There are 2 protein chains.
Amino acid sequence: MDADEFRRCGKEMVDFVADYLENIRDRRVFPSVQPGYLRQLIPDQAPEDGERWEDVFKDIERVIMPGVTHWHSPQFHAYYPTANSYPAIVADILSDSIGCIGFSWASSPACTELEVVVMDWLGKMLDLPEEFLSGSGGYGGGVIQSTASEATLVALLSARVREINNFKKAKPDIKVENGVIMSKFVAYCSEQSHSSVERAGLIASIKMRALPTDEDCSLRGQTLQDAIDEDRANGLIPIFVCATLGTTNSCAFDNVLEVGAVCNKEGIWMHIDAAYAGSAFICPEFRPLLDGVQYAESFNFNPHKWLNVNFDCSAMWVKNSYLLSEAFNVDPLYLKHENQGKMPDYRHWHIPLGRRFRSLKLWFVLRMYGQKGLQECIRKDVRLAHEFEELVKSDDRFEIFGKVVMGLVCFRLKKSNEINEKLLKEINTDGRIHMVPAKVKDIYFLRLAICASRSNSGDVTFAWKVIQEVTEKL
Amino acid sequence: MDADEFRRCGKEMVDFVADYLENIRDRRVFPSVQPGYLRQLIPDQAPEDGERWEDVFKDIERVIMPGVTHWHSPQFHAYYPTANSYPAIVADILSDSIGCIGFSWASSPACTELEVVVMDWLGKMLDLPEEFLSGSGGYGGGVIQSTASEATLVALLSARVREINNFKKAKPDIKVENGVIMSKFVAYCSEQSHSSVERAGLIASIKMRALPTDEDCSLRGQTLQDAIDEDRANGLIPIFVCATLGTTNSCAFDNVLEVGAVCNKEGIWMHIDAAYAGSAFICPEFRPLLDGVQYAESFNFNPHKWLNVNFDCSAMWVKNSYLLSEAFNVDPLYLKHENQGKMPDYRHWHIPLGRRFRSLKLWFVLRMYGQKGLQECIRKDVRLAHEFEELVKSDDRFEIFGKVVMGLVCFRLKKSNEINEKLLKEINTDGRIHMVPAKVKDIYFLRLAICASRSNSGDVTFAWKVIQEVTEKL
């Protein structure tokens, strides 16, 4: 494909994309294919000679689309949203073509510097404490990670290194292996935390205790304090807490004011995972939910979920970036450069070495929507969630689980878990809308998340109509 | 930005990209900006109201381009290449707009299934043993990771879990913490391995011994055997070897036939990191360098380096995918689905949970170039490297370091390290070409990598002319 062909095919793809997204309602949201469907549709090896663009292009509809779960359909209400916007797509075309690998400042200064500044922009939109901003003159700053899973892991690994060093400093005469020290460490999350937190514990080989929550599925300070006291009495060393703002199960919020105060008193690293809900904190009316972030050592949310920036763009801030670097700093000659230390070398801030120019899409989105435009997107989704909540409440057969705070409504038939399981299964088999369930404190419920940027009141009414119809049949 | 504006702006960006890449020779390959340049060029916060596309677009040249290191300039000879091709860019537009998150089969079946099949295609192109292919009916298969760093880490973590389980099975009566067991584990790489291997050891908290290499910078079987014997005698448990095919320093090749045989005899997981050189194994004349892969438990290379697939696309194969899953398997209700087990749920194969539809770009590239077209790209680069090698050899002041096997030429003035350091510094200050150095066995040398797909004989001659001119001035 030469430049002229690219101009033609690239534009054809742009039109295809616009057509796809504008007409996405016409497609069945959840595919009806069976596992293994695709292998039968294409050859079993790569062609010897290059194929024509036309043949590749037509296979998008023939091979790919029948197996796509359409996350951007207004009938998609599963998981949480993943963002998708035209400005982000356009920025990604640019990012792909510059195609630099921004592991150090020198490897492409613009890649590092735009990220530093735009993460400050975003931090200010969230009204993060100054210490988290790189422009504050301290050691803080933001970095774009791939996923919230990685942000949690990076925070835990950094806490681990800090505490190993503290242990060795406190007992310089004792020769002991890191693994032996680590076996004394304990970290905490709530029983409502995302599976990635448990996974971070597995990878870092740190015991991760999932603590019980209160009736609102919120981790409270006293629960944490009790666990710490118990563990210390048993000779363990508490090092890390992952608090969640907006759990995946039911969008519950840990009490980070209480939890953070305990962490600070006990000298424990608090990481806040606000993967989904964090985007909403750009609206002043939701910002109080973030109070307590001043106690956190690190904070993370995913603009690629609910802030119109395509995956992957997980925004993480730390108060002291040297604590991250300590966990990863390995510095061979071929990566050294003259300007080390003046700007961050982001390779020391995360697990992979290579990294794309991801700040471009964040920059394009912040500029083309503006703060007000993004706030309006958040408010629209929350409004739709409350509209759906009212529909559920108007039907005596159903009840709401938890509280509707953001764009997620948890609800169930006032019946057994089994009947609710059956209802969910039938809804997904029906195929007009798509949802996933969750189970909290042994109560199974359905989750309706407002996911697509194109969702409107009509879509919410439609979803409710489908749910009612399937319920009638049950 | 509505659909009509996207059609217009997206196409404008496609043209910009074509212009940028076709005229990239006109730009200074390495930017002359100083650290902190960018913050002065843009506001210190995001705009309240959305901005016009025209204003965002014109900032690409004003703000971004002055700070870009142009990795796709034929004057870029630093590090190793990162791939960039039109078919991959077009595929990424599609991937962005579908915007699914393929963590499970159900989350978007096409995303998982295309990856399974296309990784088989690629595995066949490399003539990998059947066991690595998912179509073989065994437990093997391929997965796209973000980076080689993550592939190494995933392999090491999987070996760690396997050996912890083995330890516990062998001594069921002893109650011992994982950390204590891990403190007995030891893994190996060569002193020439990439820094990411050392880093994987830090993250996994496994001792990573860097073993000496022979005069060709190759790790040999006997060296490994001696280390294993020594460590076993000291009560350690060897669990993992990372062998490298094509080191970053000098593109040296470990002897995987010897190393693999030792690993198999000793029951140790061999992972092969062929991040850069792996792409060349699609050419029959280079395939013998991969002999010994039959001994590996896992193998990885980066199509995003040298196979025309834009970052990120790091291809990893394993013989037994259950060994990966064991390290990561955490399965909450909201991620469960009816068809589990019939196709891979790739979230159990890597560190992040979320994942883009990356197989699309691999598929587009394999189809539009064809196997022959990709082979020709590899051969062209190797030919250019040999042309440059001849130029160096024709000048008595210089010597080649190591052997030129792929697209990398290591060379130096027959003088002190200090003078070579000065030469490299002056070349980069001159700014017409860009290179980075390396140091092996205390010998400092310059690395000229053929990086850009547009590189031709004239570019190699030009680079040599610049080097000679700067040498004259020295």
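What you see is a predicted model, and the numbers here were worked out from it, not measured in a lab.

Q: What's the story with the environment of Phe185 of chain A in this structure? I'm lost.
A: All names here are of chain A. Of note, Phe185 is situated in strand E2 (residues 185-190). What makes Phe185 buried here is its relative accessible area of 1%. Sequence separation between Phe185 and Arg232 is 47 residues, and the spatial gap between their C-alpha atoms is 10.0 Å. Discounting chain neighbours no more than four positions away, the residues touching Phe185 are Arg160, Glu163, Ile164, Ile206, Lys207, Ile237 and Ile239.

Q: I would appreciate a short explanation of the interface of chain B and chain A in the present structure.
A: Often the size quoted for an interface is simply the accessible area lost on bringing the parts together. Tallying the contact residues gives 149 residues for chain B and 149 residues for chain A. Note on chain B versus chain A: buried area summed over both sides is about 12800 Å², and carbon and sulfur give 65% of it. In this structure, the connection of chain B to chain A is made through 16 salt bridges. Between Asp120 of chain B and Arg39 of chain A there is a salt bridge, with the nearest N and O atoms lying 3.2 Å from each other. The interface formed by chain B and chain A contains 66 residue pairs in polar contact (both at pLDDT 80 or more).

Q: What's the story with the sheet that holds strand E8 (residues 398-401) of chain A in this structure? I'm lost.
A: Picture the strands of a sheet paired through backbone hydrogen bonds; they go either parallel or antiparallel. Residue and element names in this part refer to chain A. Pairing within the open sheet is antiparallel, and its four strands lie in the order E8-E9-E11-E10. A single partner strand is all that each edge strand has here, and the edge strands are E8 and strand E10 (436-440). The average undirected angle you get between the axes of adjacent strands in this sheet is 40°. As paired elements, E10 and strand E11 (residues 443-449) share five bridges and run antiparallel to each other. Its bridge partner being in E11, Lys439 is matched across the sheet by Tyr444. Across the sheet, helix H12 (residues 359-393) touches E8, strand E9 (408-413) and E11, and the angle it forms with E9 is around 15°. Across the sheet, helix H13 (residues 417-430) lies against E8, E9, E10 and E11, angled at about 30° from E11, the strand it touches most.

Q: I keep staring at the confidence of the model for chain A and nothing clicks. Help me out?
A: Reading predicted coordinates in detail is not appropriate for stretches of low pLDDT. Averaged over every residue, the pLDDT of chain A is 95; the share at 70 or more is 98%. The ipTM value of the predicted complex is 0.96, and its pTM value is 0.96.

Q: Before we go on, may I ask you to explain unusual backbone geometry in this structure?
A: Excluding glycine, most residues fall at negative phi; most peptide bonds, likewise, are trans. Cis geometry is adopted by the peptide bond preceding Asp312 of chain A, which originates at Phe311 of chain A and carries an omega value of 5°. Of note, Asp312 of chain A is situated in the loop between helix H10 (303-306) and strand E7 (314-318). Its identity is not glycine, yet Ser205 of chain A carries a phi of approximately 55°, on the positive side. Considering the arrangement of structural elements, one finds Ser205 of chain A in the loop between helix H7 (195-204) and strand E3 (207-211). Even without glycine at this site, Cys217 of chain B takes up a positive phi of about 65°. In this fold, Cys217 of chain B is placed in the loop between strand E3 (207-211) and helix H8 (221-233).

Q: Mind showing me how you'd approach helix H1 (residues 3-22) of chain B here?
A: At 3.6 residues per turn, the α-helix brings residues three or four places apart onto the same side. Residues and elements named next belong to chain B. Counted at 1.5 Å a residue, the expected span for H1 with its 20 residues is 28 Å, and the 28 Å between its end C-alpha atoms agrees. Every buried residue of H1 is listed here: Ala3, Phe6, Cys9, Gly10, Met13, Val14, Phe16, Val17, Ala18, Tyr20 and Leu21. Measuring from the backbone nitrogen of Asp4 back to the side-chain oxygen at the start of H1 gives 3.2 Å, which picks out Asp2 as the cap.

Q: Please clarify how the relation of the copies chain B and chain A should be interpreted in this entry.
A: Two copies of the chain are present, and they differ by a rotation about an axis and a shift along that axis. When chain B is fitted onto chain A, the two copies agree to an RMSD of 0.0 Å after a turn of 180° and an axial shift of 0.0 Å. A rotation of that kind, with that shift, is consistent with a two-fold axis. Minimal C-alpha distance to the rotation axis in chain B is attained by Gly179 of chain B, lying at 2.1 Å. Most of the interface of chain B is mirrored in chain A: 100% of its interface residues are interface residues there too.

Q: Explain the pattern of salt bridges here, please?
A: Pairing of side chains with opposite charge becomes possible as their charged atoms draw close. Under the defined criterion, the tally for this structure stands at 88 salt bridges over all chains. Across the salt bridge formed by Arg209 of chain B and Asp231 of chain B, the nearest N and O atoms sit 2.9 Å from each other. Highlighted residues: Arg209 of chain B in strand E3 and Asp231 of chain B in helix H8, separated in sequence by 22 residues. Judged by its relative accessible area of 27%, Arg209 of chain B falls in the partly exposed class. Taken together, the shared-partner salt bridges connect Asp92, Asp96, Asp312, Arg356, Arg358 and Lys361 of chain A into one network.

Q: Any chance you could explain the packing of aromatic side chains here in plain terms?
A: Think of a pair of aromatic rings as described by two things: how far the centres are apart, and how the planes are tilted against each other in angle. Under the definition given, this model contains 44 aromatic pairs over all chains. Summarising the aromatic geometry, the rings of Tyr79 of chain A and Phe103 of chain B are spaced 5.0 Å apart at their centres and angled 85° between planes, so their arrangement reads as edge-to-face. Pair noted here: Tyr79 of chain A is in the loop between helix H2 (53-64) and helix H3 (86-98) and Phe103 of chain B is in the loop between helix H3 (86-98) and helix H4 (109-125), and the two residues belong to different chains. A relative accessible area of 5% places Phe103 of chain B in the buried class. Relative to Trp317 of chain A, the ring of Phe301 of chain A lies with its centre 6.0 Å away and its plane at 10°, an arrangement referred to as stacked. On the criterion of sequence distance, the pair formed by Phe301 of chain A in strand E6 (residues 298-301) and Trp317 of chain A in strand E7 is long-range, its members being 16 residues apart. Judged by relative accessible area, which is 0%, Phe301 of chain A ranks as buried. With a relative accessible area of 0%, Trp317 of chain A lands in the buried category. Taken together, Phe16, Trp53 and Phe57 of chain A together with Trp363 and Phe364 of chain B form an aromatic cluster joined through their ring pairs. Above the ring of Tyr80 of chain A, the side-chain terminus of Arg447 of chain A is found at 4.9 Å from the ring centroid.

Criteria and thresholds
Residues numbered from 1 in each chain as written. Chains lettered and ligands numbered in written order. Predicted model: local features only at pLDDT ≥ 70, side-chain atom pairs only at ≥ 80, totals over all residues. Heavy atoms only, no water. Helix = DSSP H or I, 4+ residues; strand = E, 2+ residues; numbered from the N terminus. Buried < 20%, exposed > 50% of the residue type's maximum accessible area, 1.4 Å probe, protein only. Contact = heavy atoms within 4.5 Å. Buried area = accessible area lost by both parts, 1.4 Å probe. Salt bridge = Lys/Arg side-chain N within 4 Å of Asp/Glu carboxyl O. Polar contact = N/O pair within 3.5 Å; in protein donor to acceptor, adjacent residues only side chain to side chain. Pairing = 2+ DSSP bridges. Axes fitted to C-alpha atoms, helices over the stretch in contact; angles between N-to-C directions. pLDDT = per-residue confidence, 0-100. Expected span 1.5 Å × (residues − 1). Least-squares fit on C-alpha atoms with pLDDT ≥ 70 in both. Phe/Tyr/Trp six-rings, centres within 6.5 Å; stacked < 30°, edge-to-face > 60°. Lys NZ or Arg CZ within 6 Å of the ring centre and 35° of its normal.

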